[in-house]
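What follows is each chain in one-letter form.
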Amino acid sequence: MKINYTFIKKLTFFILSIFFLSINLSYSEIIEKFKISGNDRLANETIILFSELNVNDEISSENLNTAFKKLYETDYFKNIEINFNDGVLTIKVEENPLIQSVIIRGIKNKTILKELSKITKKVEKYPYLENNISNQKNLLINIVRNTGFYFAEIETKVEDNNNNTVNIIYNFNLGNRAKINEIKFIGNKIFKNSKLRKLIISEESKPWKFLTQNKFLNEKTVELDVNLLKNYFKNKGYYNVLIKSSSAKVIDENNFVLTFNIEAGKKYYFNNINLNVTDDYAKENFSNFFEIFNKLKGKAYSLNSIKKIINEIDKTALQKEFVFINAKYKEEIIDSNKIDIKIFFEESEKYFIDRINIFGNFITEEKVVRNAFIVDEGDAYNEILFNKSINEIKSKGIFKSVESEVIESDQKNNNKVINITVQEKATGEIFAGAGTGTDGSAISGGIKEKNYLGKGISLDTNLTLSDDEIKGRFSVINPNFRNTDRSINTTIESTSSDFMTSSGYKTTRTGLKIGTGFEQYEDLFFNIDISNYYERLETSSLASAIKKKQEGDYFENLISYSLTLNKLDQNFQPSEGFITKFSQTLPIYSDDTSIENAFTAAKYHSVNESLIFSGKLFFKAVNSIDDDVRVSRRVYIPSSRLRGFESGSIGPKDGTQFVGGNYGSALTLNTTLPQFFSANENIDLNLFFDAANLWHVDYDSSLNSDKIRSATGVSVNWFTPVGPLSFSYAIPISEATTDKTESFRFQIGTSF
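Predicted model only: the values in this text are computed from it and were never measured.

**Some details on the sheet that holds strand β6 (residues 98–105)**
Next up, step 1: In space, the 3 strands of this open sheet follow the order β6-β8-β7, with mixed pairing throughout. In the strand order of this sheet, the two ends are held by β6 and β7 (153–160), each with one partner. On average, each strand axis in the sheet is inclined to that of its neighbour by 20°, with strand direction left out of account.
Next up, step 2: Its contacts with the sheet put helix α4 (residues 110–120) on β6 and β8 (165–173), and the angle it makes with β6 is roughly 165°.
Next up, step 3: In the packing of helix α5 (residues 130–145) onto the sheet, contacts are made with β6, β7 and β8, and the angle to β8 comes to roughly 30°.

Printed below as a string of structure tokens:
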């Protein structure tokens, strides 16, 4: 262990000084004047100010000891001597050298250099202390290693400028970036690698992954991966899951194998859930929760379910103005695989918020952090609302870390000061992807920014090129407009669809959309948009008569709204619950007076971890008030909802061209098949049944094709070395004579 002799000398000097001061001052006198010596940069008045002593103060060993401590804590002084004689207080100092500049060598990456400079700039023009530089050195090397330079080394040099200032020089030897060659999951992990791999942030390095940073070994990312895995298992009932280790094994000079050793343990189920309500809080206020408890009994343990119940109980308590209580719970394992949950109220200390201080936000505006607080200065302090506020700040995704501290106020009794320290991170992202399949090929790319100008505003720019279409989109989202808990979004988009070869027409649609969205009630979300679009429809000799009739320019002024009820257990790879959405688009002033209605629903149910049933419903209708619906707004069945048929090649047909319908509906039933390919961790097999109908043609009822199309088959999702591959084999059960069937379909794609 390295001994810090500088610190030992300072500590010895401090103790001896206190000792002699205590001997020399056994009675009180008055300070008549100060005598300051040894100072070069600091003015006499500044040193006196640091000591917190004044002329005419009564002097004693106690306040001289305090003055010595105050001066020492400024870090400006290497040595301090304080003497008092005949009314004169003499302060003799030896100043620490100042850090003139901090120089970083060996790093060319501008992004990394910028992150390091944020740290080093904080010590420039401040006193040089060996301990502080040692701590900063450790911080810098950790930042560099977290960018993938796992083998990086750093050498520190202190350069004397001969004017009581120094330069600090950090010489980096980065070496090669440590890449994740392979990710393994071992042990009693229950779930397949293909599922677990989708849960974590880290990615395997591939030659084409030149944009993502997740391919580099990063200790903090691995820690996040471990937490994500733990939460997933606990939400599936594995209460005692252990991630025994997450290790990185070197396989060559810059490649690692990242291994997660998982012990899932046995599966647990809810037994009795009890809420202990004392006479101080009327039991009827919480009566609705007892029904929820009964429904959960016998179901698989879920950490999310517990947290949701606690949050709802806390919310009810606050509505009843029980401000100074918090809901807590204890878990007790019984009968080997059952868990009793005992929920109770705990009274918190009664105090109020004096101040909220925000630190570390060098780029982000302070109001972005403050607007996330549910409580404000002067409010009663409530742990529930405080924790929700901290989670709200973290969920913004613009901070690397968020630390909080609640301390006593030095201004008022029974008041607290909240200190929030944030560490900012890079919030910009460049992304790209490509895919190909039986439906055609597509490439996409774009730029995202989560914290534009430090205002917490999100920007999203993307471009997609496919065989028939070019789509461009730019959107701006303010997630909390004027502290209303409502998002405001503005979108500019343009789409060019060229079907001249296949259907004899081409459309170009460009427009602007402004909208807002918010959670109206628990799990019920409302969105509303107002948009203006300009569309041009061009045709060729191959076009049908109705398309030629509709050729021209169109202006649309529309209002759209949607209601979404989301009761899924999780949005990503759900296994329980349901989600429904209704949306409607109405013309305000438009050359095309079409009204569009759409309804979608999905339901999931898991028998066990591997056997999951799901059902999905789709319905859409478009009708015009005074004319025929334009070809570009007609209803077509999405290819993902009807396998076994070529995309856009079912339903009403005008001559040789499929023209869509005014109404469309689809039903998809799906189940996983866990027993097949169980030995292969990267393959998932599903059995599906798809059915759909597309009917009614407003401009010619004779073209109507009111027949249900259906198909059944198997689909495979395979994680291959070049990216995820999905393919399906479908057998049509019912079809119209004009439909084009397609037994085999595949899609492969990857991100960069």
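**Considerations on the side chain of S624**
Next up, step 1: Considering the arrangement of structural elements, one finds S624 in strand β28 (residues 612–624).
Next up, step 2: Among residues more than four places away in sequence, those in contact with S624 are D592, T593, S594 and V629.

**Observations concerning a nonpolar patch on the surface**
Next up, step 1: A cluster of nonpolar side chains, namely L687, V714, Y729, I731 and F744, defines an oily patch on the protein surface of about 450 Å² accessible area.
Next up, step 2: Within the fold, Y729 resides in strand β34 (residues 723–734).
Next up, step 3: Residue Y729 is classed as partly exposed on the basis of its relative accessible area, which comes to 44%.

**Concerning the packing of helix α2 (residues 44–51) against helix α3 (residues 61–73)**
Next up, step 1: Close contact between α2 and α3 brings their axes to 7 Å; oriented N to C, the two are set at 120°. One way to sum up the angle between α2 and α3 is to call them oblique. Contacts between α2 and α3 involve I47, F50 and S51 from the former and A67, K70 and L71 from the latter.
Next up, step 2: Class assignment for the residues of the contact of α2 with α3 results in 4 nonpolar, 1 polar and 1 charged.

Conventions used here
- Residues numbered from 1 in each chain as written.
- Predicted model: local features only at pLDDT ≥ 70, side-chain atom pairs only at ≥ 80, totals over all residues.
- Heavy atoms only, no water.
- Pairing = 2+ DSSP bridges.
- Helix = DSSP H or I, 4+ residues; strand = E, 2+ residues; numbered from the N terminus.
- Axes fitted to C-alpha atoms, helices over the stretch in contact; angles between N-to-C directions.
- Contact = heavy atoms within 4.5 Å.
- Patch = residues over 30% accessible without salt bridge, like charges linked within 9 Å, V, L, I, M, F, W, Y side chains within 5 Å.
- Areas by Shrake-Rupley, 256 points an atom, 1.4 Å probe, with all protein chains shown as cover.
- Salt bridge = Lys/Arg side-chain N within 4 Å of Asp/Glu carboxyl O.
- Buried < 20%, exposed > 50% of the residue type's maximum accessible area, 1.4 Å probe, protein only.
- Parallel < 35°, antiparallel > 145°, perpendicular 65-115°, else oblique.
- Nonpolar A, V, L, I, M, F, W, Y, C, P; charged D, E, K, R; others polar.

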